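Listed below are the residues making up each chain.
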Amino acid sequence: MLTLATMEVTTVNATDPSLLQPLLAFAVAGGCLFMTWLARQWVSRRIDSRSYPVAVACVIVVSMATVALIAPHLWNTIAGNVYGRVIPFGYSATALTVPEVQPPDDLPRYVYSQYGLAFYTALIGLVALVGRSVFTDDHRAEHGLIVVWALFLTSMAFTQVRFNYYYVIPIAVLNAYLVGLILERADLSVGLDSVRHARSSGFVGVVLVAALLLALFVPLVPPVADTTVVEAGQTASPSRDAMFWKSSNTWLAENSPAPGEWGGADNADDLEYYGTYSIPEDRDFAYPEGAYGVMSWWDYGHIITVQAERIPHANPFQQNAQSAAAFLTADSEQRGELVLAALPAAEGEDPLHSLENEELAAVADERTAQQEGEEIRYVMISSEMVGHKFSAIATYTGVDNDAYWDRQQVLTDDGEIITAPARNDAYEDTMLSRLYYDDADGMEHYRLVHDDNQTTRFASVAVSHDGGESWQPRFVNREMTPGVERSVAELRADPDVEVAVYDERVQPSVKTYERVEGAELTGSVDAPEGSTVTAELELTAEESGRTFTYEQTARVENGEFTMTVPYATEQDRSVEEGYTDSSVAADGPYEISVAETETETEIENGIGDESEAVGTAEVPESAIYDGERVEV
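A. Broad picture of helix α5 (residues 107-115). Buried within α5 we find Y110, V111 and Y115. Down the axis of α5, the buried set is contained in an arc of 100°. They therefore lie on one face. Among the exposed residues of α5, those oriented more than 90 degrees off its buried face are P108, R109 and S113.

Have a look at this one:
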């Protein structure tokens, strides 16, 4: 009845308080009444009690089949939450991208590393408990409960590694039962008078205090554990992700407008950080003017919420994970923008990654005035997202990670040229790669506003077992963490293996981009039709001290050119006005040059006539926010 009071939706949903929870509660209560009635029939008819569990199992199977036929939606909901959670099969491809959701790789080694010999003594206790109920007349309800509970949690722990948090409890209970059984069989009892004497003398209290001190300061017998509680507490620290993202999130919290204040709106009080919000019937919250979202991968949503106090688009509940993946893997800025434009009106549509650009534009056109104001304003990208987590991101779009690399000629750190696996154009064209590695070079609506002062080194590693004739991937575009470095060192120590390290690069660990309208640079030049006009801007990221160059190009048409640029050369907007205080500053104006380049291939390869400087341009921040035209 209490679950009815907390119900938030009237559908059947496993992750929200819904009809599912009270239905299951009533079903269990009804099942208990039925089993009680059935047990009475067994007793009154003098049927062998050992056949009772078989009858109950048959009734359960028939009931499950009936539900599957009569209420297939309810059955699919229940089955979908059992497969891959309670029983170790039926995993989805996306679920297996989450490490804690995966089953243990090497089960015997895993359980020994987690529980030591306690796991095997618990199995003995479980067998003894089952034997006591089956082969003796000692049928106790609590014993049956412990057996069912332990078997259920065993299946869960072997299905997903994260459920081993719960499994430690039945391990302890079954070991306690085994110890009690041994003492019972050994008849190691203590006389009642002795116990009373110990209690009256305070001996029991002394023993309890001593046991507590031992638990705190003396490790258990190896290999069960070799660390005390106090030692474990002294080594505890915030999670790696929390420390990794702290500086970038702190910067965002201090240098961007509060949600509800974007663009000069005054609605921050409508989005209080510790506020309470009711869920609309259509589950589509009406955000006030000035609200905005932050795009990143779902792993980091809660960290952005806690540290930056901003609204992430995706979070560790895996809400919006698929749409985040659709943006991050978009193969052009145009497609990325269409994905973001379609987001507010996309509920009930096919997954965004499966829609063509024309279909995305059609979905975006269906936005209401309210939805048009629900914009993504920032994009935060970490080294993990472009490195080892990229395969998980790609999985959410239904594309195998192998599509993003192929064999190419590469230069190793030893100066050799080999043919080895490397990221290909499909990867380099993704929004994720273009933003992180290229600093939005050539893009129109994204500007880097913060560089983390931490750096990450990337590299690809291939191995050869045939003297360098062929190379197999070991790591492709991977962050060189201490664990990866150790793996490479172990490979190098093997005399039968050749190791090649290549495609090395160093980047800030987290980059934050702002999404802007972009300023329109226009001008006239005395150059042949089709000549290439290039705008270059030197920039410096103040926190990291890193410098880089932004370039944008356009073709001459009728002696004129037009291009859109996202970086300002003059900062004339502030956080108090509802805008961003960027920590990336221009080192001067845009330098405009023209060259008589004829084809796109020549542009990409830098082939053609030498460029000629034709002017400069100063771009205020107001222009990039409002899409203003700036004459060169």
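From this point, the discussion proceeds with the structure in view.
B. Structural view of the pairing of strand β1 (residues 292-295). Alternating positions in β1 separate into two faces, Y292 and V294 on one and G293 and M295 on the other, with burial throughout. Here β1 pairs with strand β2 (residues 375-382) via four bridges, running parallel. Each residue of the ladder has a partner; that of M295, found in β2, is V379.

C. Examining the sheet that holds strand β13 (residues 560-565) more closely. The sheet built from three strands is open, its strands ordered β13-β10-β17 with mixed pairing. At either margin of the open sheet sits one strand with a lone partner, and together these are β13 and β17 (629-631). Geometrically, the sheet is characterised by an average inter-axis angle of 25° between neighbouring strands, direction not taken into account. Bridging between strand β10 (residues 519-524) and β13 involves six bridges; their strand directions are antiparallel. Bridging across to β13, G523 finds its partner in F561.

D. A look at the side chain of T159. Looking at where T159 falls in the secondary structure, it is placed in helix α7 (residues 141-159). T159 gets classed as buried once you look at its relative accessible area, which sits at 0%. Looking at T159, its side chain comes within polar contact range of the main-chain oxygen of V86, at 3.3 Å. Apart from the residues within four sequence positions on either side, T159 is in contact with G84, R85, V86, I87, P88, Y91, V101, Q102 and P103.

E. Looking closely at the nonpolar core. Membership of the largest hydrophobic core comes to 92 residues, with the highest contact counts inside it found for W297, Y446, L521, Y567 and Y590. The element contributing the most residues to this core is helix α14 (residues 321-328), with six residues. Core analysis: the next-biggest nonpolar cluster, separate from the first, contains 19 residues, V86, V111, A122 and L129 among them.

F. Up close: the side chain of D241. Positionally, D241 belongs in helix α12 (residues 240-255). Look at D241: it is buried, it has no salt bridge, and the nearest opposite charge is R240 at 4.1 Å. Sequence-distant contacts of D241, that is, excluding residues within four places in its chain, are made with Y300, I303 and E384.

G. Highlighting the pattern of salt bridges. Applying the stated criterion across every chain, the model contains 20 salt bridges. E384 is paired through a salt bridge with K389; the nearest N and O atoms lie 3.7 Å apart. By the burial criterion, E384 is buried, and K389 matches it. Notably, a salt bridge pairs E520 with R629, separated by 3.0 Å at the nearest N-O pair. Residue E520 is found in strand β10, and its partner R629 is found in strand β17; the two are separated by 109 residues along the sequence. Overall, the relative accessible area of 24% leaves E520 in the partly exposed class. Several salt bridges share partner residues, and in doing so they unite R240, D299, E384 and K389 into one network.

Reading guide: rules and limits
- Residues numbered from 1 in each chain as written.
- Predicted model: local features only at pLDDT ≥ 70, side-chain atom pairs only at ≥ 80, totals over all residues.
- Heavy atoms only, no water.
- Buried < 20%, exposed > 50% of the residue type's maximum accessible area, 1.4 Å probe, protein only.
- Helix = DSSP H or I, 4+ residues; strand = E, 2+ residues; numbered from the N terminus.
- Arc of directions from axis to C-beta.
- Pairing = 2+ DSSP bridges.
- Axes fitted to C-alpha atoms, helices over the stretch in contact; angles between N-to-C directions.
- Polar contact = N/O pair within 3.5 Å; in protein donor to acceptor, adjacent residues only side chain to side chain.
- Contact = heavy atoms within 4.5 Å.
- Core = buried A, V, L, I, M, F, W, Y, C linked by side-chain atoms within 4.5 Å.
- Lys, Arg positive; Asp, Glu negative; His and termini not counted.
- Salt bridge = Lys/Arg side-chain N within 4 Å of Asp/Glu carboxyl O.

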